[in-house]
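Structure assessment
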Amino acid sequence: MIPRRDSYDAVVVGAGPNGLAAAITLSSTFNAVLLVEAGETIGGGLRSAELTLPHYIHDICAAIHALAISSPFFRTLDLQRHGLTWIQPEIPLAHPFEDGSALYLHRSLEITADVLGFDGKAYRNLVAPFVDNHERLLKDLLAPFHFPLHPFLMALFASRALGSVKNLAYKKFRSEKTRALFAGMAAHAMIPLEKPATAAFAVILATLAHAVGWPIIKGGSQNLANALADNFRHHGGEIITGKNVKSLWELPKAKFYFFDVTPRQLLNIAGLDLSPRYCRKLARFRYGSGVCKVDWALREPIPWKAPICGKAVTVHLGNSFEEINDSLHHPYRGTVSPAPYIILAQQSLFDPTRTPEGGHTAWAYCHVPHGSPENVADLMEQTIERYAPGFREVILAKSSMSAVDMERHNPNYVGGDINGGIQNLWQLYNRPVLSPVPYRTSVKNIYLCSSSTPPGGGVHGLCGYYAARAASER
């Protein structure tokens, strides 16, 4: 495809959720905005495809969208008008144990507190202030570093969430199973659970489960990307796919350039004329562990020991806090845990458009060493069998992607890191460099807008939104 113009107000490279968000934001300021994507389809981490059998639709990466439905930017776009349909399961998360029991998060905070028994009151007291004020909380949390708009709420959040989830879980809860539930949510950070700020991930995910749910998208996550693209085109935007940009000279002239890529890729694009000092800072950016991802086509739902798991869209598999934490340590030692912690989704239970009648899908990943070529699908199936005996008997077909395969599919997943860089306390906001405006590079009209900028990984579009805002306010 060839651009319609010789020059543009802005060119955005990369059509993942952040590139799309940047393009949409820019189109509200400028008349001529071009979005360029290396893949044949847009979406980045929002792609869906028939990975196993015909008519079985699988989300290749992002599947559960608590951050997307709560995103302060996406909520302004009226994406339902552009074909997006949210599906809201009543039970966002189940966490089973080998003895056949399970804990779960219900959309209702009160029901969840009852489920947690003698830990229910502590749980309610922990998350209720944030559930009641989630919109204000997210506007401060999901933004570049700044003086809080709601300082008292943020101070309360910091007092409960800036420590490690290990300290939080052992201080607040008496039950080993409640502690494991919190470990599973914090493990989305992909760093060991004794690290600072890991509690924040658990508290935020628990808060969102009650405040907005953990929804899926009817027909596949690709439909969120399609709705964003339709919004962009509706405002006059232009999209080109199948164009892998290796140098600035391959792009039309523009007042501004935005790159939805990680620091490593930005350094490999010729012609940017970035300063040596800035390049050295980018080269020091740290990436985290990788993931191995598996999709299954199933003849029937997963035969869980704990029946409640068959009513949950997301299932976390880890029998104890210690087992989950050990699993997170292994990738940093260059090994795969023999009992990997698994994040699993079963979208077809709630969205029959994903499969032929009677069929089902399952989606799962576990953490592996950065850049690992190892396919651990068999190990993941062994782990699932601990909680769902007979799982292998219902498998019709499967598709697996190692950490290397994940990067091959999406170059932003460097080494299989789906967060665009390690999200420890230092790199939560100082990404990719320590700067008052981290989106700006050393060249005044070139900006970075990927998940390697604040507020980091997740489908929320805010990295792109704030990068575009930084340019327009310059």
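A brief structural summary.

Cut-offs and rules
- In this convention, every chain numbers its residues from 1, walking through the sequence in written order.
- The model is predicted, so local features are restricted to residues of pLDDT at least 70 and side-chain atom pairs to those at 80 or more, both for listing and for counting; the totals for chains, interfaces and linings are taken over all residues.
- For side-chain calculations, the full set of non-hydrogen atoms in the structure is used, while hydrogens and water are omitted.
- In this analysis, axes come from line fits to C-alpha atoms, helices being fitted only over the stretch in contact, and the angle between any two N-to-C directions falls in the range 0 to 180 degrees.
- The way it works is that DSSP assigns letters per residue, a run of H or I at least four long becomes a helix, a run of E at least two long becomes a strand, and they are numbered from the N terminus.
- Roughly parallel covers angles under 35 degrees, roughly antiparallel covers those over 145, roughly perpendicular covers 65 to 115, and oblique covers all other angles.
- By definition, any crossing whose near helix is turned counterclockwise from its far helix by less than a right angle is left-handed, and any crossing with a clockwise turn is right-handed.
- Two residues form a contact once any of their heavy atoms are found within 4.5 Å.
- Under the scheme applied here, ten amino acids are nonpolar (Ala, Val, Leu, Ile, Met, Phe, Trp, Tyr, Cys and Pro), four are charged (Asp, Glu, Lys and Arg), and all others, including Gly, are polar.
- Whenever a pair of cysteine sulfur atoms sits within 2.5 Å, that pair is classed as a disulfide.
- Only protein chains enter the accessibility calculation, which uses a 1.4 Å probe; a residue is then buried when its area is under 20% of its type maximum, exposed when over 50%, and partly exposed in between.
- At least two bridges found by DSSP between two strands are what make those strands a pair.

**Things to note about the packing of helix α4 (residues 120-132) against helix α9 (residues 198-211)**
- Running from N to C, α4 and α9 cross one another at 70°; their axes reach a closest spacing of 9 Å. When the interaxial angle is binned, α4 and α9 end up roughly perpendicular. With respect to the hand of their crossing, α4 and α9 are arranged in right-handed fashion. Listed contacts from α9 to Y123, L126, V127, F130 and V131 of α4 are V203, A206, T207, H210 and A211.
- A per-class count over the contact of α4 with α9 returns eight nonpolar, two polar and no charged.

**Digging into unusual backbone geometry**
- Cis geometry marks the peptide bond from R431 to P432; its omega dihedral reads 0°.
- For P432, the location among the structural elements is in the loop between α16 (425-429) and β16 (446-448).
- For the peptide bond that leads from P454 to P455, omega is 5°, which places it in the cis range.
- Tracing the sequence through the fold places P455 in the loop between β16 and α17 (462-472).
- One non-glycine residue with positive phi stands out, namely H55, at about 75°.
- Here H55 shows up in the loop between β3 (48-49) and β4 (58-59).

**Digging into the state of the cysteines**
- Inspection of every chain in the model, using the stated rule, returns zero disulfides.
- C292 takes part in no disulfide bond, and the closest cysteine sulfur to it belongs to C366, at a distance of 5.5 Å.
- What makes C292 buried here is its relative accessible area of 0%.
- Unpaired in this structure, C463 has its nearest cysteine sulfur neighbour in C449, at a distance of 8.3 Å.

**Focus on the sheet that holds strand β9 (residues 238-240)**
- Read across the sheet, five strands follow the order β9-β2-β1-β10-β16 without closing on themselves; strand pairing throughout is parallel. With partners counted over all chains shown, the strands left at the sheet margins are β9 and β16, one partner each. For this sheet the average axis-to-axis angle between neighbouring strands, irrespective of direction, equals 20°.
- Taken together, the six bridges between strand β1 (residues 7-13) and strand β10 (residues 253-259) define a ladder with parallel strand orientation.

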